[in-house]
Amino acid sequence: MDLNLPPDFELGVATSAWQIEGDVAGRGRCNWDDFAELPGAIVDGATGEPACDHVHRLDEDLDLLTWLGVDAYRFSISWPRVMPTGTGALSPQGLDFYDRLIDGLLERGIRPVATLFHWDLPSPLEAAGGWPERDTAYRFADYAQAMGERYADRVDRWATLNEPWCSAFLGYCSGYFAPGRKEPGASLAAVYHLLLGHGLAIDRLRDLGARNLGIVLNLIPVIAQSESMEAATRHVDGLQNRIFLDLLAGNGIPPDIRESCASVTDWSFVRPEDTPILATPIDWLGENYYSVMRVAEVDSERHVDAIGQDIADIPACPPLRFDPQPPYTDMGWEVLPEGIEMALRKATDHLPDVPLWICENGAAIAEEIAADGTVHDPNRIEYIDDHLRALLRARDRGFDVRGYFAWSLLDNLEWASGWTKKFGLVRVDPATGTRTPKDSARWYRDVLAARTR
Ligand code: FCB
């Protein structure tokens, strides 16, 4: 304990719609519903129904947030729940659900932090080509506007996109995520149109008077394991981090990436007149930090597979292998708390004056479930404690970081890993939906309670 948390440092927990909501019948279909039906796409065959049945257990989950004592709750709005076909008519039932969620948070004194797109694209938009199509950016802006019209008076902070890297490259390059396409050129168009949609959405939200507008990126420190791998590392870093930051900073596509990806795209989707839209000022930037990427030569046998670290995810990838170093979480992700400061620096190098939040951090860790259903997860406590301390050290060194969200409130559908990877502070029994706070939840609650206010 004794983290010496500054009183104005925001602490919260995060979730996302498709991973927890369930109630698939109450909304339109999305890319992840379709993907989950492909044999083998999700390791354990899990689907969006019932997930954590959050829609039907809303009050119970709100009470868990009260019990934890968080300052803020980061959730995502399911586009197909509020706009079932992705365009046009809104669903009164879907809108009502987020009214209840947002009002329930406010009644409990918890700040609502809403993400508009955490990867669940309405199926008709995916069928029309998805994010590689320019039109999707405009459909996203229309959806953002509708959400602003409904909730701008009550949402404290907005994020347009969560981790566009994943939507673009896991979705359209390696096909490891929905929609499962393996088209490197299309994945680069997806990056561009995701960020175009982001810029258009920020403009619309700002016009409506919505406050605190930002985006959440997974900036990952990319480290060369030897001098010979520096060029390859630059390519990976360019696609992992710089392409997003440069577009947001108004610099366009990084010149080295334009060149190194010329074999997979002619970049004809880039239009000079988009530059100011892509660089529409943001009020804050969220970073999700879990690990680092180490780039090594393809000379020795790979020991550990890290989920999301695969050369298939990277367009025009030169020969390399990812080489995470121990200790690892269950995702195969190297645990490196100091990396959080390296990730913050990536943002400040490009966007020096934008306040930062860590919007996700946490660990999938093997845990012991006792006979009475309680869960002892000391490794998760250690992980979060170490990362919070590293973050506070970075803050002391001058990074303008204003808060931290643990991933995640609940065990949930971990995308292609289904129920097999558990990130929750609260255990969810997939068979019954029963919630049981783990030791880490009690610890986080104590951290929150021990703060000097
Ligand atoms: C992030 C996602 C989040 C969750 C964590 C483990 O990339 O934003 O939904 O899957 O990883």
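This text follows the structure it describes.
Residues numbered from 1 in each chain as written. Predicted model: local features only at pLDDT ≥ 70, side-chain atom pairs only at ≥ 80, totals over all residues. Heavy atoms only, no water.

1. Section: the packing of helix α14 (residues 378–396) against helix α15 (residues 439–449)
Look at α14 against α15: their axes get within 8 Å of each other, and the N-to-C directions meet at 35°. Our pair here, α14 against α15, has a crossing hand that is right-handed. Of the residues in α15, those touching α14 at Arg-380, Ile-381, Ile-384 and Asp-385 are Asp-439, Ser-440 and Trp-443. (Axes fitted to C-alpha atoms, helices over the stretch in contact; angles between N-to-C directions. Helix = DSSP H or I, 4+ residues; strand = E, 2+ residues; numbered from the N terminus. Left-handed = near helix turned anticlockwise from the far one by under 90°. Contact = heavy atoms within 4.5 Å.)

2. Examining the side chain of Asn-412
Its location among the elements puts Asn-412 in the loop between β13 (401–407) and β14 (426–428). Owing to a relative accessible area of 2%, Asn-412 belongs among the buried residues under this scheme. Within the structure, Asn-412 has its side chain in polar contact with the side chain of Gln-19 (distance 3.3 Å). Within the local environment of Asn-412, its side chain forms a polar contact with the side chain of Ser-408, the two groups lying 3.3 Å apart. (Buried < 20%, exposed > 50% of the residue type's maximum accessible area, 1.4 Å probe, protein only. Polar contact = N/O pair within 3.5 Å; in protein donor to acceptor, adjacent residues only side chain to side chain.)

3. With respect to the site of the ligand
The environment of the ligand is formed by Gln-19, His-118, Trp-119, Asn-162, Glu-163, Asn-288, Tyr-290, Glu-360, Trp-407, Glu-414, Trp-415 and Phe-423. A distance of 2.8 Å separates an oxygen atom of the ligand from a polar side-chain atom of His-118. With the chains in place, 95% of the 290 Å² that the ligand exposes on its own is no longer accessible. Its atoms largely coinciding with the cavity grid, the ligand occupies the largest cavity. Looking at the shell around the ligand residue by residue, the classes come out as five nonpolar, four polar and three charged. (Near = heavy atom within 4 Å. Areas by Shrake-Rupley, 256 points an atom, 1.4 Å probe, with all protein chains shown as cover. 1 Å grid on protein atoms, 1.4 Å probe; cavity = no way out; pocket = protein on both sides within 12 Å on 5 of 7 lines; lining within 4 Å. Sits in = over half its atoms within 2 Å of the grid points. Nonpolar A, V, L, I, M, F, W, Y, C, P; charged D, E, K, R; others polar.)

4. What about the layout of surface pockets?
A probe as big as a water molecule, rolled over the atoms, marks out the empty space that is left. Considering only enclosed or pocket space, the largest pocket measures out at about 190 Å³ in volume. Of the residues contributing to the lining of the largest pocket, the split by class is five nonpolar, two polar and two charged. (Points joined across faces, edges and corners; volume = space filled by probe spheres on them.)

5. Focus on empty space enclosed by the protein
Taken as a whole and judged by the stated rule, the model has three cavities of 30 Å³ or more. Approximately 360 Å³ is the volume attributed to the largest cavity. Lining the largest cavity are 27 residues, and of these Glu-163, Cys-166, Asn-218, Tyr-290 and Trp-333 sit closest to its centre. The element that contributes the greatest number of residues to the lining of the largest cavity is helix α8 (residues 164–172), accounting for three residues. Here the lining of the largest cavity is built from residues that sort into 16 nonpolar, eight polar and three charged. Space inside the second largest cavity adds up to approximately 70 Å³. Around the second largest cavity, the lining comprises 14 residues; the ones closest to its centre are Asn-31, Trp-32, Trp-119, Ser-167 and Ala-178. For the lining of the second largest cavity, the elements supplying multiple residues, two or more each, are α2 (31–36) and α8. No other element matches α8, which puts four residues into the lining of the second largest cavity.

6. Examining the sheet that holds strand β2 (residues 72–76)
Reading around the circumference, β1-β2-β3-β4-β5-β7-β10-β13 is the order of the eight strands in this closed barrel, with parallel pairing throughout. This sheet shows a mean twist of 25° between the axes of neighbouring strands, independent of strand direction. Across four bridges, the pairing between strand β5 (residues 213–217) and strand β7 (residues 284–288) is parallel. Paired with Ile-215 across the bridge in β7 is Leu-285. Running over the sheet, helix α5 (residues 92–107) touches β2 and β3 (111–117) and is turned about 170° from β2. α15 contacts β1 (10–14) and β13 of the sheet and is inclined by roughly 155° relative to β1. (Pairing = 2+ DSSP bridges.)

7. Describing the packing of aromatic side chains
Tallying each qualifying case throughout the model produces 26 aromatic pairs. Ring plane angle 75° and centroid distance 5.7 Å describe the contact between Trp-284 and Trp-357, whose orientation is recorded as edge-to-face. A residue pair is termed long-range when its members are at least 10 positions apart, and Trp-284 in strand β7 and Trp-357 in strand β10 (residues 356–360) qualify at 73 residues. Taken as a pair, Trp-284 and Trp-357 share a single burial class, namely buried. Site record: aromatic cluster; members linked through ring pairs are Trp-18, Trp-32, Phe-35, Trp-119, Tyr-176, Phe-177 and Trp-415. (Phe/Tyr/Trp six-rings, centres within 6.5 Å; stacked < 30°, edge-to-face > 60°.)

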